[in-house]
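# Working through the structure, step by step
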2 protein chains.
Amino acid sequence: MPTIKYYLREGLLPAGVLTSPNQAHYDDEHLRRLRLVRALVDVGGLSIASVREVLEVIDTREESLHRKLGAVQEAISQPSPVELDPMAVKDVQAFFERQGETECADVTASNVTHMLAAALSVARSIGHDHFQDLLDPYLEGLKLIARADLEYIATRGSRDDVIEAMVVGTLIGDTVIKAVRRLAHAQVSREVIGEQPPSDEV
Amino acid sequence: MPTIKYYLREGLLPAGVLTSPNQAHYDDEHLRRLRLVRALVDVGGLSIASVREVLEVIDTREESLHRKLGAVQEAISQPSPVELDPMAVKDVQAFFERQGETECADVTASNVTHMLAAALSVARSIGHDHFQDLLDPYLEGLKLIARADLEYIATRGSRDDVIEAMVVGTLIGDTVIKAVRRLAHAQVSREVIGEQPPSDEV
């Protein structure tokens, strides 16, 4: 398998135990690590350098699993190229402060916070300057989703598997959420607006 | 403004009322339509052909607003290039049936349904064949979010503005949700896993 050789050469997989000059034995831990690397590259679209960064975070023994998960989340979030609107940055800071999350309120220190400020900047640039009102209800809905995610990854046995499940759940989950959100809109709009004939003024 | 001229030439904006050979007057309705076209192009990344399609849906008088919103959602969702796993297609159909949404269960008829089946196909291809268990809890969380979205767009006065707000809310909202989901994970994981020191087996 050429991919495995490449990952070995890049130091992303530990070397197997040589059983003959041309054969090496790989155990379950190797397979788990391989699965994680594949998830990061194939699903997350991460560069080899970013994968190495994620693996270093995982392999640091001192940090708690909670902190590891946070660091991996940061590593798999790309910073946005959008120029930030200072008003949007303020909105994001106010939101994090309301949530008691002052630690992550700094847009220069967190890719995730930057991504949020960038999205609100785009909204402001096209005249949507109240989009931040949606942040609190969004967080409520997303906590329900996060509880389901945590249950999903809790069934995994090893540390690599937990983190692999979280990476996959986060990245594939983003697309699943996009699609299911469209269904939720349809159901709620049918309930709220109904199928009555249109009028020009709503 | 060259963009407006371009949109006029492409038939995406109605012509203004000529007030002199070189000047045309544009009213509020023009401005609303311009805002909508910009949201579709700049935020949605839609091609001019797709924008035209969306506008045609909006300008059809017979359909209800609920149906219009659904058609616009379809137009702004790109079909995925991923090859579908028949098991994932079955999972999606079962999900729609559980939700009483048999009308949209066909992956060949809906971009949104196709997107969902594609995401579950990728999950299966890397050994995550229980990802569909997350669909029902995801929908619960997303209904809370959809209610906030519907309230957000309900403050708009005209039909174009409602649809513009929905397009912006859907597309910018997807990124906002991605970022806020990371915060929700952090909050819930702190609550569930806590900050205890790591053990190799979780």
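Read on for an overview of the structure. If you're wondering where the values come from, they're calculated on a predicted model, not measured in any experiment.

Here we take up the overall build of chain A. The helix and strand inventory of chain A stands at 8 helices and 2 strands. Of the regular secondary structure in chain A, the N- to C-terminal order runs α-β-β-α-α-α-α-α-α-α. For 202 residues, the compact-globule estimate of 2.2 N^0.38 gives 17 Å, and the C-alpha radius of gyration of chain A, at 21 Å, exceeds that figure by more than 25%. Dimensions along the principal axes, computed over C-alpha positions, put chain A at roughly 80 × 40 × 30 Å. Within the span of chain A, comprising 202 residues, buried residues form 50% of the whole. By sequence separation, contacts in chain A at least 24 residues apart represent 58% of the contacts at least 6 residues apart. Across chain A, the centroid of the 21 positively charged side chains sits 6 Å from that of the 32 negatively charged ones.

This next bit is on the packing of helix α8 (residues 159-192) of chain A against helix α6 (residues 111-125) of chain B. Across the interface, α8 of chain A lies against α6 of chain B with an axial gap of 9 Å and an inter-helix angle of 155°. One way to sum up the angle between α8 of chain A and α6 of chain B is to call them roughly antiparallel. Note on packing geometry: the crossing formed by α8 of chain A with α6 of chain B is left-handed. Judged by residue contacts, Ile172, Thr175, Val176, Lys178, Ala179, Val180 and Arg182 of chain A of α8 of chain A engage Val112, Met115, Leu116, Ala119, Leu120, Val122 and Ala123 of chain B from α6 of chain B.

All names here are of chain B. Secondary-structure assignment places leucine 84 in the loop between α4 (65-75) and α5 (86-98). The exposure class of leucine 84 is partly exposed, given its relative accessible area of 23%. Taking C-alpha positions, leucine 84 is 21 Å from aspartate 136, a pair spaced 52 residues apart along the chain. If we skip the residues at most four places from it in the chain, leucine 84 touches Val89, Val107, His114, Ala117, Ala118 and Ser121.

Looking now at the pairing of strand β1 (residues 17-20) of chain B. Residue and element names in this part refer to chain B. For β1 and strand β2 (residues 23-25), the ladder comprises 3 bridges, and the chain directions are antiparallel. In the strand pairing of β2, serine 20 is matched with glutamine 23. Between β1 and β2, which pair antiparallel one after the other, the connecting turn spans 2 residues.

Turning to the packing of aromatic side chains, a few remarks are in order. Evaluated as defined, the whole model comprises 6 aromatic pairs over all chains. Looking at arginine 156 of chain A, its charged tip hangs above the ring of tyrosine 152 of chain A, at a distance of 5.3 Å from the centre.

If you walk through the whole model with that rule in mind, you get 20 salt bridges over all chains. Several salt bridges share partner residues, and in doing so they unite Asp149 and Asp174 of chain A together with Arg181 and Arg182 of chain B into one network.

Of the transformation placing chain A onto chain B, the axial shift is 0.0 Å and the rotation is 180°, giving an RMSD of 0.0 Å. Such a turn and shift between the copies fits a two-fold axis. In terms of proximity to the rotation axis, the leading residue of chain A is glycine 141 of chain A, whose C-alpha is 2.1 Å off the axis.

Tallying the contact residues gives 83 residues for chain A and 83 residues for chain B. Contact with chain B buries surface across chain A, with His66, Arg181 and Arg182 of chain A losing the most and accounting together for 9% of the total. Counting the contacts that link chain A with chain B gives 10 salt bridges. At the surface where chain A touches chain B, the tally comes to 32 residue pairs in polar contact (both at pLDDT 80 or more). Contributing elements (two or more residues each) for the side of chain A that touches chain B: α2 (28-43), α4 (65-75), α5 (86-98), α6 (111-125), α7 (135-154) and α8 of chain A. If one sorts the elements of the side of chain A that touches chain B by residue count, α8 of chain A sits on top with 27 residues. Looking at the side of chain A that touches chain B residue by residue, the class counts come to 41 nonpolar, 20 polar and 22 charged.

Turning next to the side chain of aspartate 149 of chain A. You can see aspartate 149 of chain A is positioned in helix α7. A polar atom in the side chain of aspartate 149 of chain A sits 2.8 Å from the side chain of histidine 185 of chain B. Contacts of aspartate 149 of chain A, omitting those with residues within four sequence positions, involve Leu134, Tyr138, Arg181 and His185 of chain B.

As a further point, take α5 of chain B. All names here are of chain B. If you check α5, its first and last C-alpha atoms are 18 Å apart, about what 13 residues at 1.5 Å a residue would give, namely 18 Å. Listing the buried residues of α5 in full gives Ala88, Val89, Asp91, Val92, Phe95 and Phe96. Summarising the axial view, the buried residues of α5 lie within an arc of 160°, below the 170-degree limit, and thus occupy one face. When the buried face of α5 is taken as reference, the exposed residues oriented beyond 90 degrees from it are Pro86, Lys90 and Glu97. Positive phi shows up at glycine 100, right after α5, with a value of about 65°.

Taking 1.5 Å as the rise per residue, α6 of chain A with 15 residues should run 21 Å; its terminal C-alpha atoms sit 21 Å apart, in good agreement. Most of α6 of chain A is tucked away, with 12 of its 15 residues classed as buried. For α6 of chain A, the complete set of buried residues consists of Val112, Thr113, His114, Met115, Leu116, Ala117, Ala118, Ala119, Leu120, Ser121, Ala123 and Arg124 of chain A. Those residues of α6 of chain A hidden inside the fold are in contact with α4, α5 and α7 of chain A together with α8 (159-192) of chain B. Following α6 of chain A by one or two positions, glycine 127 of chain A adopts a phi angle in the positive range, close to 90°.

About the criteria used
- Residues numbered from 1 in each chain as written.
- Chains lettered and ligands numbered in written order.
- Predicted model: local features only at pLDDT ≥ 70, side-chain atom pairs only at ≥ 80, totals over all residues.
- Heavy atoms only, no water.
- Helix = DSSP H or I, 4+ residues; strand = E, 2+ residues; numbered from the N terminus.
- Rg over C-alpha atoms; globule rule 2.2 N^0.38 Å.
- Buried < 20%, exposed > 50% of the residue type's maximum accessible area, 1.4 Å probe, protein only.
- Contact = heavy atoms within 4.5 Å.
- Lys, Arg positive; Asp, Glu negative; His and termini not counted.
- Charge placed at Lys NZ, Arg CZ, Asp CG, Glu CD.
- Axes fitted to C-alpha atoms, helices over the stretch in contact; angles between N-to-C directions.
- Parallel < 35°, antiparallel > 145°, perpendicular 65-115°, else oblique.
- Left-handed = near helix turned anticlockwise from the far one by under 90°.
- Pairing = 2+ DSSP bridges.
- Phe/Tyr/Trp six-rings, centres within 6.5 Å; stacked < 30°, edge-to-face > 60°.
- Lys NZ or Arg CZ within 6 Å of the ring centre and 35° of its normal.
- Salt bridge = Lys/Arg side-chain N within 4 Å of Asp/Glu carboxyl O.
- Least-squares fit on C-alpha atoms with pLDDT ≥ 70 in both.
- Buried area = accessible area lost by both parts, 1.4 Å probe.
- Polar contact = N/O pair within 3.5 Å; in protein donor to acceptor, adjacent residues only side chain to side chain.
- Nonpolar A, V, L, I, M, F, W, Y, C, P; charged D, E, K, R; others polar.
- Expected span 1.5 Å × (residues − 1).
- Arc of directions from axis to C-beta.

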